[in-house]
Amino acid sequence: MLNEMLINVFVSAAKVSDVMREFSDVYKQQFPVSLFHCVRFDIEGGTGKQSQLLHRKDPLEGRNIFSGNLFQYLEENRKWRNRFVNVSNNYDLHLYESRTAHERGLHPKVRVGCAGYRALDSMDHYLDLVQQSLPGSHPFIKCATPFPLILWHPYARHHYFCVMTEKEQKKWLAVLQDCVRHANNGLPEVCSVMTPAFTDSVRLYRQNKGHYGPWDMMCGEPPQILANLVMETLHPQLRDVIGRRLKGKLQQRQRHWMMISDAVYRQVCSQTKGQYEALLQSCETQRASLDSRLRTDMDQIITSKEHVCTKIRGLVLPKAEELVRTSVQPYLISILEALMEPTSQGFSELRDVFSGELVDMSKNCINQGDKDKLAHQMERVSMLAFHPVKMQSCYEKMEDLNLEGLQDRFYWTSPSVFISRAQILMRQLADDAVYTFEQLLSQSLEAQRGEEAEEEDDDVVKAIQRCQDRVLKKYDYDSSTVRKKFFREALQQIIIPFMLQELTPSCSPELPGFKEMIFEDFSQFLVVENLFEEVVLQSVSKDIMMAVRDAAVQRKHNLYRDSIVLTNSDPNLHLLEEAPPVDWAAKFGVEGSPDEVGGGGGGGGEITACGKRRKQVVSMIQLDGVPLPYESCMEVPGVELIPEEEHQEGEEVKSPDSVDQIRGLINPVMEVVLPVKEEEKEEEEGVTPVSGTLTTEDGVQEEVTYVSTVVSTTAAKDRAVFNCIQPGNPIHHWFNIWSDSQLVNNLV
């Protein structure tokens, strides 16, 4: 194993150096091009259609997504342990020994970033994926319950969890899928130079290697994406070299291979991180001078670009138009229909979910007859977009996307990129709708303040209905705009790589000749390969636009025509976008803890540095008849679980409040009674406390007190009642009981 790990170290280091050298050359070429487009956009301006809904900048500020208990499989000792899991607002998983450890601010045992992972709830599905990595796979772990949850990664360590009920499994699966969806959403678009330069460099690098089309592993931070780029070729090589050298049974070989793969991946990530940071630093040092040159010579650069593009069109257009006519146009409508059906169903389901939440809120306001209850309702509605369980029905519509008949024809592998992108757009649009509704309702209620109304509750319900109608109209327009843009981009991602793959062999030999037409001073900003791709894109853009425009005429997809433009329908609405978020609890003077107002569900919030408790988006899971109140690190029971506390169904399990209760949890007193026959019972002869020093497993010496119960020496009459007194530390120990009875010693 050691020799194999040494091989991995040298092989991976050499591979990282090779990949980063080639990638750096491409990135240094693309950085000035990306800066050129950014500066040109700043000078010329121009934006797309203005959205009707408002957008908030940081919707998850001061919130957690979810927290609860899971059983985690520990590969170190091959046992299942209970863990408290907190899903923070950056969608990372933090695993603690107990909820108490989390609330005390201790460091988590494990932190899991979900970029590149897939959330699974089936062991069979998991084994199918493992089979792709190491052939001949068989189950090598036995799940403690029938409800597994697995985070699978093609290169990194896998994480195994399980829960007690199907209800828990569905809820946790929705949460984990949302974490993966968020982490795989790509790089932030706020970096108008770095992000395009990086994504174009990765795409061009893979195209040079013969890989066209969307890439599933374009997820995480740039160093992680580069590590995925390295592992794309390194992983199969290691499997061929080392896989057949592993010894032992199949299950053991699988474990060893996963350990090797994870170790190599972590090492590659650390190497790409350092080299990428150095690459960024070298490019940033040139940015100021490049920006100055661009702003000075922008007109000349644009003129030179148009001249070269005209020459390239003469070469490319005849071939591109023929390819579009024979291999693209016959399938364009079928691709679009396959995309539109599940996407439109998902956005329609989202509209129904949003409307249903507002209708429920109106009913609750009427039934409860208390205007102050509106704060509780609005706090729950405000996080609708980030509630993966409530949004699951919308996301599931998109899972039905089926492009199997078209994948082979256009040389791409999986529709997961489009599914994930559409789901992210649903979440964003849902949050925009909720935020717009909040601002409109707050404005409406402010206007009603000071006005005496005979039926105050009716006024609130009417205000909710009016705001709902306004928001739904804006939602329909923005939904149409977002979907049409998504369809255009999806068609481009499918068709353009196919056309580049078909046209490159015949066109690339003639492209170097066009470099002579570019002035040397402008050669950094005008790259022939990029201009070639622009020409290919222009050759098919008209057909894509026409196909989407014709689809908008069909009423079944509920799309607005391009001629319908809503402008200044609410001229003062966008002034509210810069307004601070509405604090509904303060607005109506609601009393109670933040988690009560925020729907934290069982106090799962996290204490922040300023002493406030984070509100939780998804409520805690409360098992019916199987409470897990505040356990620490428990092994999964081998028999049917016995509840530790009795409580009424639906009653909330609360944390201990009194000092005695807390002390009882830290220093538990346990009483064990050995059963004996009634006729053999006799009085105890005495109890003798003895003080001494005990060395624990971690080498720490603790002062303890042993309580020895002296009983009869007759084996038939042996019995003992003993207290196991624990010193003031969080580790539970069993102590030997001093006794004259051989039976008691054997028991302990």
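Within each chain, residues carry numbers counting from 1 in the order of the written sequence. Local features in this predicted model are restricted to residues whose pLDDT is 70 or higher, and side-chain atom pairs enter the listing and the counts only when it is 80 or higher, whereas totals over whole chains, interfaces and linings include all residues. Hydrogens and water are ignored here; the side-chain numbers use all heavy atoms of the structure.

Under the convention used in this document: UniProt positions are given in the numbering used here, feature names are shortened, and annotations may be inferred rather than shown by experiment.
Within an unreviewed UniProt entry, the label attached to the protein chain reads Niban-like protein 1, and the organism entered is Gouania willdenowi. Entered under Sequence similarities (unreviewed entry) in the UniProt record, the comment concerning the protein chain runs "Belongs to the Niban family."

### Things to note about unusual backbone geometry
Keep this limit in mind: Strands are runs of DSSP state E lasting at least two residues, helices are runs of H or I lasting at least four, and both sets are numbered from the N terminus onward.
A positive phi angle, near 55 degrees, is found at Arg78, a position not held by glycine. Among the secondary structure elements, Arg78 is positioned in the loop between strand S2 (66–74) and strand S3 (79–87). We note that Tyr91 has phi near 70 degrees; this positive angle belongs to a residue other than glycine. Relative to the assigned elements, Tyr91 resides in the loop between S3 and strand S4 (93–96).

### Some remarks on the pairing of strand S7 (residues 147–152)
We count it as follows: Classification of residues uses two cut-offs on accessible area relative to the type maximum, computed with a 1.4 Å probe and protein chains only: under 20% is buried, over 50% is exposed, and between them is partly exposed. Strand pairing is assigned whenever DSSP detects at least two bridges linking the two strands.
Where burial is concerned, most of S7 is hidden: six out of the six residues are buried. Residues Phe147, Leu149 and Leu151 point to one face of S7 and Pro148, Ile150 and Trp152 to the other, with burial holding for every one of them. Across five bridges, S7 lies against strand S8 (residues 159–163) in antiparallel orientation. Bridge pairing links Ile150 to Tyr160 in S8.

### Thoughts on the sheet that holds S7
We apply this condition: For helices, the fitted axis covers only the stretch in contact; all axes are lines through C-alpha atoms, and the angles between them, taken along N-to-C directions, range from 0 to 180 degrees. Residues are treated as being in contact if the distance between any of their heavy atoms lies within 4.5 Å.
In space, the seven strands of this open sheet follow the order S5-S4-S3-S2-S8-S7-S6, with antiparallel pairing throughout. A single partner strand is all that each edge strand has here, and the edge strands are strand S5 (110–112) and strand S6 (118–120). When strand polarity is set aside, the average angle formed by the axes of neighbouring strands in this sheet is 30 degrees. For S4 and S5, the ladder comprises three bridges, and the chain directions are antiparallel. Looking across to S5, one finds that Leu95 is bridged to Val110. On top of the sheet, helix H3 (residues 123–133) reaches S6, S7 and S8; it is set at about 25 degrees to S7, its chief contact. The sheet strands contacting helix H4 (residues 166–183) are S2, S3, S4, S6, S7 and S8, and the helix crosses S7 at an angle near 10 degrees.

### Points about the environment of Ile494
The topology assignment puts Ile494 in helix H12 (residues 456–507). You can call Ile494 buried: its relative accessible area is 2%. Distance from Ile494 to Gly213, taken between C-alpha atoms, is 6.7 Å for residues 281 residues apart in sequence. When neighbours within four sequence positions are excluded, Ile494 is seen to be in contact with Ile335, Phe410, Trp412 and Phe418.

### Quick word on empty space enclosed by the protein
Our working definition: Cavities and pockets are found on a 1 Å grid laid over the protein atoms alone: a cavity is a set of points where a 1.4 Å probe fits but cannot escape, a pocket is an open set with protein on both sides within 12 Å along at least five of seven lines, and a lining residue has an atom within 4 Å of such a point. Grid points are joined across faces, edges and corners, and a volume is the space filled by probe spheres set on the points.
Evaluated as defined, the whole model comprises six cavities of 30 Å³ or more. Taken as a whole, the largest cavity encloses approximately 110 Å³ of empty space. Along the walls of the largest cavity sit 13 residues, with Ser133, Pro154, His158, Trp257 and Met258 positioned nearest its centre. Contributions of two or more residues to the lining of the largest cavity are made by H3 and helix H7 (250–368). Here the lining of the largest cavity takes three residues from H7, the largest share from any one element.

### Describing the pattern of salt bridges
Charged atoms that come close allow side chains of opposite charge to pair. Counted only if it meets this: Here a salt bridge means any side-chain nitrogen of Lys or Arg lying within 4 Å of a carboxyl oxygen belonging to Asp or Glu.
Taken as a whole, this structure holds 22 salt bridges when the rule is applied. In this structure, Arg266 engages Asp262 in a salt bridge whose closest nitrogen and oxygen atoms are separated by 3.0 Å. Taken together, the residues Arg266 and Asp262, both in helix H7 and four residues apart, mark about one turn of the helix. Given a relative accessible area of 51%, Arg266 falls into the exposed group. Since its relative accessible area comes to 12%, Asp262 is described here as buried. Of the charged contacts, one joins Glu322 and Arg325 as a salt bridge, the two residues approaching to 2.1 Å between their closest N and O atoms. Of this pair, Glu322 and Arg325 both sit in helix H7, three residues apart, which is roughly one turn of the helix. On the basis of relative accessibility, which here comes to 38%, the residue Glu322 falls in the partly exposed class. Taking relative accessible area as the criterion, Arg325 reaches 46% and is therefore assigned partly exposed. What emerges from the salt-bridge pattern is a single network uniting Arg56, Asp431 and Glu438.

### Notes on the packing of helix H5 (residues 194–208) against helix H6 (residues 222–242)
The line we're drawing: Each angle is binned into one of four classes, with values under 35 degrees roughly parallel, values over 145 roughly antiparallel, values of 65 to 115 roughly perpendicular, and all other values oblique. Each residue gets one label: Ala, Val, Leu, Ile, Met, Phe, Trp, Tyr, Cys and Pro are nonpolar, Asp, Glu, Lys and Arg are charged, and the others, such as Gly, are polar.
H6 packs onto H5 with a crossing angle of 5 degrees between their chain directions and a minimal axis gap of 12 Å. As far as their axial angle goes, H6 and H5 are roughly parallel. Two secondary-structure elements touch here, H5 through Phe198, Val202, Tyr205 and Arg206 and H6 through Pro222, Ile225, Leu226, Leu229 and Glu232. Each residue belonging to the contact of H5 with H6 can be placed in one class, and the counts come to seven nonpolar, no polar and two charged.

### A word on H3
For clarity, the threshold we go by: When we speak of the arc, we mean the arc of directions from the helix axis to the C-beta atoms. In the analysis that follows, any N or O atom pair within 3.5 Å is treated as a polar contact, provided that within protein one partner can donate a hydrogen and the other can accept it, and provided that, for residues neighboring in sequence, both atoms belong to side chains.
Among the residues of H3, those classed as buried are Met123, Tyr126, Leu127, Leu129, Val130 and Ser133. Buried residues of H3, seen end-on, are gathered within an arc of 160 degrees and therefore sit on one face of the element. When the buried face of H3 is taken as reference, the exposed residues oriented beyond 90 degrees from it are Asp124, Asp128 and Gln132. The backbone nitrogen of Asp124 lies 3.3 Å from a side-chain oxygen of the residue at the head of H3, namely Ser122.

### Some words on the nonpolar core
What counts, and what does not: Put simply, a nonpolar core is a bunch of buried Ala, Val, Leu, Ile, Met, Phe, Trp, Tyr and Cys residues held in one set by side-chain atoms that sit within 4.5 Å of each other.
Ranked by internal contacts, the top residues of the largest apolar core, which has 165 residues, are Tyr27, Leu93, Val316, Phe437 and Met499. Sorting elements by how many residues they give to this core places H7 first, with 35 residues. Apart from residues no more than four positions distant in its own chain, Leu93 is found in contact with Val85, Asn86, Val87, Val110, Arg111, Val112, Cys114, Leu151, Leu176 and Cys179. Grouped together as the second largest cluster of nonpolar side chains are 16 residues, Tyr73, Tyr126, Phe140 and Tyr160 included.

### Here's the deal with the packing of aromatic side chains
Put simply, the rule reads: Ring geometry is summarised as follows: Phe, Tyr and Trp rings, the Trp one being its six-membered ring, pair when their centres sit within 6.5 Å, and such pairs are stacked at plane angles under 30 degrees, edge-to-face over 60 and tilted between the two. Both a distance and an angle decide whether a charge sits over a ring: NZ of Lys or CZ of Arg must be within 6 Å of the ring centre and within 35 degrees of the ring normal.
The final tally for this structure, using the stated rule, is 15 aromatic pairs. Each ring, one from Tyr73 and one from Trp80, has its centre 5.3 Å from the other, and the planes form 55 degrees; the classification is tilted. When the centroid spacing of 5.6 Å and the interplanar angle of 90 degrees are considered together, the rings of Tyr126 and Tyr160 count as edge-to-face. Here Tyr160 lies in strand S8 and Tyr126 lies in helix H3, a separation of 34 residues in the sequence. Comparing Tyr126 with Tyr160 shows no difference in burial state: the two are buried. Among the aromatic side chains, those forming a connected cluster through ring pairs are Phe23, Tyr27, Phe31, Phe198 and Tyr276. Sitting over the ring of Tyr395, Arg181 keeps its end group 4.0 Å from the ring centre.

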